[in-house]
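Letter by letter, the chains look like this.
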Amino acid sequence: MRNLPSHIADNMIMPVISAPMFLVSGPDLVLACCKSGIISAFPTPNARTVEILDQWMTRVNDELALAREEQPTRRIAPWAVNIVAHRSYLRLQEDLDLIVKHRAPIVITALGSPAAVVEAVHSYGGLVFADVISVKHARKAASVGVDGLVL
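An account of the accompanying structure is given in this report. (Residues numbered from 1 in each chain as written. Predicted model: local features only at pLDDT ≥ 70, side-chain atom pairs only at ≥ 80, totals over all residues. Heavy atoms only, no water.)

Core analysis: the largest hydrophobic core is formed by 36 residues, its most contacted members being Phe42, Met57, Trp79, Val81, Ile99, Val107 and Val117. Of all the secondary structure elements, the ones that give two or more residues to this core are α2 (27–35), α3 (50–70), β3 (79–84), α4 (92–102), α5 (115–122), β5 (127–131) and α6 (135–143). Of all the elements, α3 adds the most residues to this core, at 7 residues. Listed in part, the 10 residues of the second largest apolar core include Ile39, Ala80, Ile106 and Phe129. (Core = buried A, V, L, I, M, F, W, Y, C linked by side-chain atoms within 4.5 Å. Buried < 20%, exposed > 50% of the residue type's maximum accessible area, 1.4 Å probe, protein only. Helix = DSSP H or I, 4+ residues; strand = E, 2+ residues; numbered from the N terminus.)

See below:
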């Protein structure tokens, strides 16, 4: 955890991310994990509409802020969101706009180039991890400035 920014590492009990599972992960799982000191993510397509995604992100931010306020000494990990970065994903821009609006602390990209996500998320100080399946893809992701890799 020594390479993670202190505002993230200091709020984790261990360097673990609860995987963003398609059709499984949602705000309940993310909140439970984060309140236990473990980063957790949900895939943006799990929220079936952008309106629902907006509601989920609002809820996660609000409930984690309240938990930090009520228990300032407790380790409450940041949340993450998983976005499909491939240009064929029809909600890419809308989901990315919501990520920026809600300032998701960590964004995990899947498929496609993470370049646009890196630019958007770095604009507010968030981190981007690219989920990659090969050394070739890892090198491409690193070349556009991701902060970490999910292998």
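Don't stop here, the text continues.
Let's shift gears to the pattern of salt bridges. One pass over the full model with this rule turns up 5 salt bridges. A salt bridge links Asp28 to Arg59, with the shortest nitrogen-to-oxygen separation between them at 2.7 Å. With Asp28 in helix α2 and Arg59 in helix α3, this residue pair connects regions lying 31 residues apart in the sequence. Judged by relative accessible area, which is 53%, Asp28 ranks as exposed. Among the residues examined, Arg59 registers a relative accessible area of 30% and is labelled partly exposed. Its salt-bridge partner being Glu63, residue Lys35 comes within 3.9 Å of it at the nearest N-O pair. You can see Lys35 sitting in helix α2 and its partner Glu63 sitting in helix α3, a full 28 residues away along the chain. (Salt bridge = Lys/Arg side-chain N within 4 Å of Asp/Glu carboxyl O.)

Of the voids in this model, the largest pocket is the one considered here, and its volume is about 310 Å³. In terms of lining, the largest pocket is formed by 13 residues, of which the most central are Leu111, Gly112, Asp131, Val132 and His137. Elements that contribute at least two residues to the lining of the largest pocket include exactly β4 (106–110), β5 and α6. The element contributing the most residues to the lining of the largest pocket is α6, with 4 residues. Split by residue class, the lining of the largest pocket holds 7 nonpolar, 3 polar and 3 charged. Of the volumes computed, that of the second largest pocket is approximately 210 Å³. His7, Arg68, Pro78, Trp79 and Pro105 are the residues nearest the centre of the second largest pocket, which is lined by 16 residues in total. For the lining of the second largest pocket, the elements supplying multiple residues, two or more each, are α1 (6–9) and α3. Ranked by residue count, the leading element in the lining of the second largest pocket is α3, at 5 residues. (1 Å grid on protein atoms, 1.4 Å probe; cavity = no way out; pocket = protein on both sides within 12 Å on 5 of 7 lines; lining within 4 Å. Points joined across faces, edges and corners; volume = space filled by probe spheres on them. Nonpolar A, V, L, I, M, F, W, Y, C, P; charged D, E, K, R; others polar.)

Right, let's get into the side chain of Asn46. Its location among the elements puts Asn46 in the loop between β2 (39–43) and α3. Exposure remark for Asn46: the relative accessible area of 9% places this residue in the buried category. A distance of 3.0 Å separates a polar atom in the side chain of Asn46 from the backbone oxygen of Met21. A polar contact is formed between the side chain of Asn46 and the backbone oxygen of Ser25, at a distance of 2.7 Å. The residues contacting Asn46, other than those within four sequence positions of it, are Met21, Phe22, Leu23, Val24, Ser25 and Trp56. (Polar contact = N/O pair within 3.5 Å; in protein donor to acceptor, adjacent residues only side chain to side chain. Contact = heavy atoms within 4.5 Å.)

Let's shift gears to unusual backbone geometry. Of note in the backbone geometry, Leu23 takes a positive phi value of approximately 65° without being a glycine. If you trace the backbone, Leu23 turns up in the loop between β1 (17–18) and α2. Although it is not a glycine, Leu111 adopts a positive phi angle of roughly 60°. You can see Leu111 is positioned in the loop between β4 and α5. Overall, Leu111 belongs to the exposed group, its relative accessible area being 57%.

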